[in-house]
Amino acid sequence: EAGIPVGLGTDTGCPYITQYDMWRELYYYCRYCHVSPAYAIHTATELNAKLAGISGITGTVEAGKSADFLVVEKNPLEDITALRAPTDVFFRGKRIRNPKPKRIPEADEQLDKILSL
């Protein structure tokens, strides 16, 4: 409301924070700050790159930029939790099919409880 730009990220390394759960940050941003999924995705990509001073390299899908993005089965603009299960990840132009991050079941169980509050 005050016009202060906000970036999204995780504190990976802290208890119950995992490198594969960035989608949760977007979910919480939508749920608790009442922004749209489109704005949450914009914040986590284009705005984050701008705030980090690397918007010339990444943040949007454009010719000449690092081709980092993911593919999901459902539309995250309708349900941001669709980002939880990417079918493909493109990192620096290379495709990773069916990514399988090393999960922490105990962390997932505890964090999933928050989704249903």
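Residues numbered from 1 in each chain as written. Predicted model: local features only at pLDDT ≥ 70, side-chain atom pairs only at ≥ 80, totals over all residues. Heavy atoms only, no water.

Overview of the side chain of D21
Item 1. Relative to the helices and strands, D21 is located in the segment before α1 (22-33).
Item 2. With a relative accessible area of 3%, D21 lands in the buried category.
Item 3. When near neighbours in sequence (up to four residues on either side) are disregarded, D21 contacts R103, D108 and L111. (Helix = DSSP H or I, 4+ residues; strand = E, 2+ residues; numbered from the N terminus. Buried < 20%, exposed > 50% of the residue type's maximum accessible area, 1.4 Å probe, protein only. Contact = heavy atoms within 4.5 Å.)

Structural notes on the nonpolar core
Item 1. In terms of nonpolar packing, the biggest core is built from 14 residues, with L26, Y27, I80 and L83 touching the most fellow members.
Item 2. For I80, the contacting residues outside a window of four places in its chain are L26, Y27, C30, P37 and I41. (Core = buried A, V, L, I, M, F, W, Y, C linked by side-chain atoms within 4.5 Å.)

A few points about the environment of F90
Item 1. Note that F90 resides in strand β2 (residues 86-91).
Item 2. C-alpha of F90 to C-alpha of D68: the two residues are 22 residues apart in sequence and 5.2 Å apart in space.
Item 3. Contact partners of F90, with chain neighbours within four places excluded, come to A67, D68, F69, V71 and R95.

Structural notes on the sheet that holds strand β1 (residues 69-72)
Item 1. Ordered in space as β1-β2-β3, the three strands form an open sheet in which the pairing is antiparallel. Only two strands of the sheet have a single neighbouring strand rather than two, namely β1 and β3 (94-97). When strand polarity is set aside, the average angle formed by the axes of neighbouring strands in this sheet is 20°.
Item 2. Alignment of β2 against β3, held across four bridges, turns out to be antiparallel. Within β3, the position partnered with F90 by the bridge is R95. (Pairing = 2+ DSSP bridges. Axes fitted to C-alpha atoms, helices over the stretch in contact; angles between N-to-C directions.)

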